[in-house]
Amino acid sequence: MLFNEKEKTLFTLTRDDPSNPLASYAKSGFELDGYEWPSVEHYYQAMKFDDAEYREQIRLAAHPADAAKLGKSRRHQKRKDWKKNSVTYMTRATYIKARSHADVAQMLLNSGDMEIKDLSQYDYFWGSGRDLRGENAFGKMLMGVRQKLRKELEK
Ligand SMILES: Nc1nc(O)c(N)c(N[C@@H]2O[C@H](COP(=O)(O)O)[C@@H](O)[C@H]2O)n1
């Protein structure tokens with residue numbers, strides 16, 4: 001059946017689902033750049049700013065959603081090179097999280113060659129948007145990290 005075939009080739013999630021270990025909102029802490037980060041989202045949002053004090057405020061946010069809110073502040077200037085580097089920071093944090101949590105790495109590896117799609121309806125960059133025509137940058141990033149983990153296992 002076509003429906004079943006599709007199920008086997010597509011792995012879906014939303015970036016802001018704290019219950020999914022692969023989401024950036026998952027509370028799986030890791031150490032990076034000399035600090036402990038409670039989630040990928042905390043790290044990603046903090047890296048938007050040069051202001052060390054504000055970064056620290058974001059790092060200490062109680063929930064990934066609070067970190068995301070602080071990251072959207074218009075009262076603090078974002079780094080000028082942010083858009084150019086945002087995917088790199090999301091990738092770096094996700095990779096380190098996977099290397100720090102065997103269950104997260106395993107979950108990603110268990111997705112095999114499935115296409116990974118972030119189904120966030122209101123995000124046409126990280127997600128797929130309402131019409132599924134979004135860039136799915138989060139899903140693509142996860143597939144890239146999966147590839148890297150797989151290569152490391154082959155060594
Ligand atoms: N087009 C585009 N390029 C990037 O590199 C981005 N990071 C985004 N982000 C979009 O804007 C929303 C808030 O920005 P952050 O991702 O938190 O920097 C985000 O939800 C994306 O829709 N867009």
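In the block above lies the structure referred to throughout.
So, how was this worked out
- Residues numbered from 1 in each chain as written.
- Predicted model: local features only at pLDDT ≥ 70, side-chain atom pairs only at ≥ 80, totals over all residues.
- Heavy atoms only, no water.
- Core = buried A, V, L, I, M, F, W, Y, C linked by side-chain atoms within 4.5 Å.
- Buried < 20%, exposed > 50% of the residue type's maximum accessible area, 1.4 Å probe, protein only.
- Helix = DSSP H or I, 4+ residues; strand = E, 2+ residues; numbered from the N terminus.
- Contact = heavy atoms within 4.5 Å.
- Near = heavy atom within 4 Å.
- Polar contact = N/O pair within 3.5 Å; in protein donor to acceptor, adjacent residues only side chain to side chain.
- Areas by Shrake-Rupley, 256 points an atom, 1.4 Å probe, with all protein chains shown as cover.
- 1 Å grid on protein atoms, 1.4 Å probe; cavity = no way out; pocket = protein on both sides within 12 Å on 5 of 7 lines; lining within 4 Å.
- Sits in = over half its atoms within 2 Å of the grid points.
- Nonpolar A, V, L, I, M, F, W, Y, C, P; charged D, E, K, R; others polar.
- Salt bridge = Lys/Arg side-chain N within 4 Å of Asp/Glu carboxyl O.
- Arc of directions from axis to C-beta.
- Points joined across faces, edges and corners; volume = space filled by probe spheres on them.

Moving on to the nonpolar core. Counting 34 residues, the largest nonpolar core has Tyr43, Leu142 and Leu149 as its most contacted members. Only β1 (10-13), β2 (30-32), α2 (40-46), α3 (52-59), α5 (82-100), α6 (102-110) and α7 (137-154) provide two or more residues apiece to this core. Among residues more than four places away in sequence, those in contact with Leu149 are Tyr95, Ala98, Arg99, Ala105, Leu108 and Leu109.

Before going further, it helps to examine the environment of Leu142. Topologically, Leu142 is positioned in helix α7. The buried category is assigned to Leu142, whose relative accessible area is 0%. Apart from the residues lying within four places of it in its own chain, the contact partners of Leu142 are Leu13, Leu22, Thr94, Leu108 and Ile116.

Now for the site of the ligand. Around the ligand sit Tyr44, Gln45, Lys48, Trp82, Lys83, Ser86, Asp123, Phe125 and Trp126, and those are all the residues in its vicinity. Within the side chain of Tyr44, a nitrogen or oxygen atom sits 2.8 Å from an oxygen atom of the ligand. Interatomic distance of 3.1 Å between a side-chain N/O atom of Trp82 and an oxygen atom of the ligand. In isolation the ligand has 470 Å² of accessible area, and contact with the protein removes 70% of it. Using a 2 Å cut-off from the grid points, one finds that the ligand occupies the largest pocket. Among the secondary structure elements, those contributing two or more residues to the shell around the ligand are α2 and α5. With three residues, the top contributor of residues to the shell around the ligand is α5. Residue composition of the shell around the ligand, grouped by class: four nonpolar, two polar and three charged.

This paragraph deals with the pattern of salt bridges. Applying the stated criterion to the full structure yields eight salt bridges. In this structure, the salt-bridge partner of Asp123 is Arg15, at a minimum N-O distance of 3.8 Å. You can see Asp123 sitting in the loop between β4 (115-118) and α7 and its partner Arg15 sitting in the loop between β1 and β2, a full 108 residues away along the chain. Of the charged contacts, one joins Glu152 and Lys148 as a salt bridge, the two residues approaching to 3.7 Å between their closest N and O atoms.

Looking now at α6. Where α6 is concerned, the buried positions are Val104, Ala105, Leu108 and Leu109. Taken down its axis, α6 places every buried residue within 130° of arc, on the same side. In α6, the exposed positions angled more than 90 degrees off the buried face are occupied by Ala102, Asp103 and Asn110. Turning to α6, the residues buried within the fold contact α5, β4 and α7. Looking one or two places after α6, you find Gly112, whose phi comes out positive at around 55°.

Taken as a whole, the largest pocket holds about 520 Å³ of empty space. If you trace the largest pocket, you find 21 residues lining it, with Arg15, Gln45, Lys72, Asp123 and Trp126 closest to the centre. Elements that contribute at least two residues to the lining of the largest pocket include exactly α2 and α5.

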